[in-house]
Amino acid sequence: MFKDPDFGKKLKNQKALLLLSIPFVVYVLIFCYVPLFGWIMAFQKYKPNLGFTKSQFVGLDNFKFLFRNKDFMLCVRNTLMMGVINLVLGTICPIIFAILLSEFRFNMGKKFVQTVSYLPHFLSMIILTGIVFDVLSMENGTLNKLLMGIGVVDKPIQWLAEPKYFWWIVGFANRWKETGWDSIIYLAAITSINPDLYEAASIDGAGRMRRIWHITLPGLKPTILILLIMNVGNVLNVGFELQYLLGNDLVKSVAQTIDIYVLNYGIGKGNYSIGVAAGIFKSLVSIILVFIANTSAKAMGEESLY
Amino acid sequence: MAELTKKIVSTPNAPITQAEKPKRDAKDIGSKTKHSIVSRRTKGDNIFDAFNTVFMLVFSIVILYPLLNMVAVSFNDGLDALKGGITLVPRVFTLKNYQHVLSQQNMLTAAKVSVLRTVIGTLSATLVTSLLAYILSRKEFLFKKQLSLLYVVTMYVSGGLIPIFLVYKALGMTNSFMVYILPGMVPAFSMLVLRTYMNGLPDSLAESAMMDGAGHLTIFIRIIFPLCMPVVATVALFTAVGQWNSWFDAMLYNRMNSDLTTLQYELMQILNSITSSKQQTAETMKNASATVTPTSVRAAATVVTALPIVILYPFLQRYFVAGLTIGGVKE
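Residues numbered from 1 in each chain as written. Chains lettered and ligands numbered in written order. Predicted model: local features only at pLDDT ≥ 70, side-chain atom pairs only at ≥ 80, totals over all residues.

The test is simple: UniProt positions are given in the numbering used here, feature names are shortened, and annotations may be inferred rather than shown by experiment.
Chain B goes by Putative aldouronate transport system permease protein in an unreviewed UniProt entry, where it is assigned to Ruminococcus albus. You can read under Sequence similarities (unreviewed entry) in the UniProt record for chain B the words "Belongs to the binding-protein-dependent transport system permease family." The Subcellular location (unreviewed entry) field of the UniProt record for chain B holds the comment "Cell membrane".

Going by the annotation in an unreviewed UniProt entry, the name recorded for chain A is Putative aldouronate transport system permease protein, with Ruminococcus albus given as the source organism. Taken directly from UniProt, the Subcellular location (unreviewed entry) text for chain A runs: "Cell membrane". Per UniProt, chain A carries the Sequence similarities (unreviewed entry) text "Belongs to the binding-protein-dependent transport system permease family."

In structure tokens:
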């Protein structure tokens, strides 16, 4: 580009475009790239009054501290477990829902169910939390009433006070909110499957289930794999808002995630260096996870991200 | 990202060549099943359909019931609601919960700030992001690749909570309204969607205007931006929903300033006050004469907070579909 003899002339001709683009360069540098320098803090014993230049350099000490820290390791475990639950439920539920919806023959009903299923996606996390509180409440909670009504339990369960339920509550709350929305991409993929295949199969005597199993699912395979790879990279990114809002002292040991640790320990207590180190650890694990998922997809001879 | 979406959606199906492939669109989703159903309906099909109908019914109830129940509680007398048993209709109808919510100064401030941040945030982000997309869609622009890359990278790499917090603090954005507007001003993904759309517009439009002596800003505002309305609407609606629903920035940066509180943050405060049951009884006692309880007040506050979204939602759905078919407009 710079070897182009007319480069100077071209540059002059687009003075207006260059001028217009300057604020955008400045903006992105300040808001997105300057914070990256903050990663230096992870290798320092950062003191706000000393700044980056004068704070003591400590190498990997902050990371060593984290790995020996019981609280942090609990956070890592919780984040991973909830991430995996979210990944599994978040893959299976939308696929099943999309397939069933595409097989739903009653057209008006289909539109209605679609409209209803997307709605929770647009509600805030705070509202979701309120609904979870309501549904699981001890006194008048819908779930306890339902379970007692059909005789599964004889006294109400304190859902949010028992650590063993917490991960699943977060998982299913996320599903309530996002199943409909996540199914959109699978519905689009089902639409692009050739209808002749279904016709041929039904002439050969294949029933509904067999057609789903032998045509729809194989047709969805590339979509499922790509989304799975992308979601594997996000496994650690699922844990923050719901856990923060739903968590209480009784379930603290299972509700704390890496992000909450960064917030409480880093910003709350002013341990910036430790907080940044925890954040970097999370990003590193995410990158490694995407890499592993992508490589294994390639090894199986499937489509991959890159 | 656009290519990625294409990659995800296109599902290669074995032995059919492009020429034979019949043209289909979203309307045809049902037709394939309809056809086979006409040709042969087995007992298995009937069982499947019955099961499927029941499933869809249960699914809809699971989504709608908690929301409708919340509405019913919000219109019900607070003390009466504590007895339980309210399902879809209020037992003792009252508007006191709403009166209570709407008479609180902090709720009114919060509503004002929420509306302001949604309107200003959405308008500015949409206009500014479109301008960037316009610059990057100019084929003659020498640095379009470099500038695009600078923004695309931000989709994958982030400084993280603490560095960002410190930078915003250094910029004086704590305790300020700007922290709601500036950080999300130019979302890279929206920029890509807009740029893809603008690349699809005929070059001749801008060229002929240029001949007539129009500058880039004029061309952008008078010609290109109005032509992008379908996709601009989609981007704007998603930005608006994001603005309306966000609460974390209010908590992290503006907790100390009650003039900058938002509806979502106030709702979270109400939620937190209820979780400790001791406070619940204390509050109830205090409000005994007014017969509102934290639970009923929260229901009313939730309905107030969710209302704009539910009203906007039908439009949202329409524009979302418009957003999905963006690729259809070509020269």
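**Digging into the overall build of chain B**
Rules: Helix and strand definitions here come from DSSP, where helices need a minimum of 4 consecutive H or I residues and strands a minimum of 2 consecutive E residues; each element is numbered from the N-terminal end. Exposure criterion: with C-beta atoms placed from backbone coordinates, a residue whose C-beta has 20 or more other C-beta atoms within 10 Å is buried, one with 12 or fewer is exposed, and one in between is partly exposed.
If you tally the helices and strands in chain B, you get 17 helices and 0 strands. Scored against the burial criterion, the 331 residues of chain B give a buried share of 33%.

**Topic: the overall build of chain A**
Rules: Atoms counted for the radius of gyration: C-alpha only. Globule rule: 2.2 Å times residue count to the power 0.38. Any residue pair is listed as a contact if its two C-beta atoms, each placed from the backbone, are within 7 Å.
When helices and strands are counted, chain A shows 15 helices and 2 strands. Here chain A has a C-alpha radius of gyration of 25 Å; the compact-globule value for 306 residues is 19 Å, and the former is much larger. Based on the C-alpha atoms only, the size of chain A along its principal axes is roughly 70 × 65 × 40 Å. Within the span of chain A, comprising 306 residues, buried residues form 41% of the whole. Taking contacts inside chain A between residues at least 6 apart in sequence as the whole, the part at least 24 apart equals 68%.

**Brief notes about the nonpolar core**
We apply this condition: We call a set of buried Ala, Val, Leu, Ile, Met, Phe, Trp, Tyr and Cys residues a nonpolar core when their C-beta atoms link them within 7 Å. Domains are outlined according to an automatic or database domain assignment.
One finds Ala278 of chain A together with Leu194 of chain B to be the most contacted residues of the largest nonpolar core, which totals 134 residues. Each of domain 1 (15-57) and domain 2 (61-299) of chain A contributes no fewer than three residues to this core. Leu194 of chain B has contacts with Thr129, Ser130, Ala133, Cys228, Val231 and Val235 of chain B, leaving out every residue within four places of it along the chain.

**With respect to the interface of chain B and chain A**
The condition is simple: Here the term charged refers only to Asp, Glu, Lys and Arg, the term nonpolar to Ala, Val, Leu, Ile, Met, Phe, Trp, Tyr, Cys and Pro, and the term polar to all other amino acids, Gly among them.
At the interface, 77 residues of chain B touch 77 residues of chain A. Per-element tally for the side of chain B that touches chain A: the top contributor is helix 3 (residues 43-74) of chain B, with 13 residues. Taken together, the residues that form the side of chain B that touches chain A break down as 41 nonpolar, 25 polar and 11 charged.

**Re the packing of helix 9 (residues 163-191) of chain A against helix 11 (residues 208-233) of chain A**
All names here are of chain A. What counts, and what does not: Angles here are taken between N-to-C directions and fall from 0 to 180 degrees, while the axes themselves are lines fitted to C-alpha atoms, restricted in helices to the stretch in contact. Here roughly perpendicular refers to angles of 65 to 115 degrees, roughly parallel to angles under 35, roughly antiparallel to angles over 145, and oblique to all remaining angles. By definition, turning the near helix anticlockwise from the far helix through less than a right angle yields a left-handed crossing, and turning it clockwise yields a right-handed one.
Where helix 9 contacts helix 11, the two axes come as close as 9 Å, and the packing angle between them is 140 degrees. Relative to helix 11, helix 9 is oriented oblique. Seen from above, helix 9 lies across helix 11 with right-handed handedness. Every residue of helix 11 that contacts helix 9 at Ile185, Tyr186, Ala189 and Ile190 is listed here: Thr216, Gly219, Leu220, Thr223 and Leu227.

**A few points about unusual backbone geometry**
Residues other than glycine seldom take positive phi values, yet Asn175 of chain B does so here, at roughly 55 degrees. Mapped onto the elements of the fold, Asn175 of chain B is located in the loop between helix 8 (161-170) and helix 9 (178-181).

**A look at the UniProt feature "transmembrane region" (unreviewed entry) in chain B**
Following the UniProt record, the feature "transmembrane region" (unreviewed entry) maps to residues 50-68, 115-136, 148-171, 177-198, 219-241 and 297-316 of chain B here. Taken as a whole, residues 148-171 of chain B contains 62% helix and 0% strand, while its terminal C-alpha atoms sit 25 Å from one another.

**Remarks on the domain arrangement of chain A**
All names here are of chain A. Domain annotation of chain A identifies domain 1 (15-57) and domain 2 (61-299). Between domain 1 and domain 2, the C-alpha centre-to-centre distance is 34 Å. Of the residues lining the interface, 7 residues belong to domain 1; the matching set on domain 2 comes to 6 residues. The class makeup of the residues in the side of domain 1 that touches domain 2 is 4 nonpolar, 2 polar and 1 charged.

**Re helix 14 (residues 258-268) of chain A**
Among the 11 residues of helix 14 of chain A, 8 are classified as buried, and the element is accordingly described as predominantly covered. Turning to helix 14 of chain A, the residues buried within the fold contact helix 5 (70-102), helix 12 (241-246) and helix 15 (272-299) of chain A together with helix 8 of chain B. Positioned one or two residues after helix 14 of chain A, Gly270 of chain A has a phi angle of 75 degrees, which is positive.

**Describing the UniProt feature "transmembrane region" (unreviewed entry) in chain A**
Summarizing the sequence annotation, UniProt attributes the feature "transmembrane region" (unreviewed entry) to residues 20-42, 80-101, 121-138, 219-240 and 272-293 of chain A in the numbering used throughout. With 67% helix and 0% strand, residues 121-138 of chain A has its two end C-alpha atoms placed 26 Å apart.

**Some points on helix 6 (residues 107-118) of chain A**
Residues and elements named next belong to chain A. Rules: Every helix has an expected span of 1.5 Å times one less than the residues it contains. By definition, the arc is the one covered by directions from the helix axis to the C-beta atoms.
Between its first and last C-alpha, helix 6 extends 17 Å over 12 residues, near the 16 Å set by a 1.5 Å rise per residue. For helix 6, the set of buried residues is Val113, Ser117 and Tyr118. Buried residues of helix 6 fall within an arc of 120 degrees about the axis and therefore sit on the same side. Looking at helix 6, the residues exposed on the side facing more than 90 degrees away from the buried face are Met108 and Lys111.

**Some remarks on the packing of helix 6 (residues 105-137) of chain B against helix 13 (residues 229-245) of chain B**
Residues and elements named next belong to chain B. Where helix 6 contacts helix 13, the axes come no closer than 9 Å and their chain directions differ by 145 degrees. In the crossing of helix 6 with helix 13, the sense of the turn from one axis to the other is right-handed. Counting all contacts with helix 6, which are made through Ser114, Arg117, Thr118, Gly121, Thr122, Ala125, Thr126, Thr129 and Ser130, the residues of helix 13 involved are Val232, Val235, Ala236, Thr239, Ala240, Gln243 and Trp244.

**Here's the deal with the confidence of the model for chain A**
So the rule is basically this: pLDDT is defined as a per-residue confidence score from the predictor, taking values between 0 and 100.
On average, residues of chain A score 88 in pLDDT, and 96% of them reach the 70 mark or higher. The least confident element of chain A, judged by mean pLDDT, is helix 1 (residues 7-13) of chain A at 76; the most confident is helix 5 of chain A at 94.

**Some details on the environment of Thr293 of chain B**
Along the chain, the position of Thr293 of chain B falls in the loop between helix 16 (277-286) and helix 17 (294-324). C-beta crowding within 10 Å serves as the criterion here: with 25 such atoms nearby, Thr293 of chain B is assigned to the buried category.

**A short note on the environment of Thr174 of chain B**
All names here are of chain B. Along the chain, Thr174 turns up in the loop between helix 8 and helix 9. In this structure the C-alpha to C-alpha distance between Thr174 and Ile47, which are 127 residues apart in sequence, comes to 60 Å. Once residues lying within four places of it in the same chain are set aside, the contact partners of Thr174 are Tyr168, Lys169, Val179 and Tyr253.

**Topic: the confidence of the model for chain B**
Residue and element names in this part refer to chain B. Residues of chain B with pLDDT of at least 70 account for 79%, and the chain-wide mean is 81. Here helix 1 (residues 2-9) is the element of chain B with the lowest mean pLDDT, 45, and helix 6 is the one with the highest, 95. Scored below 50 in pLDDT, residues 1-38 shows 46 contacts in the model against residues more than four places distant or in partner chains. Between residues 325-331, whose pLDDT stays under 50, and residues either more than four places distant or in other chains, the model counts 7 contacts.

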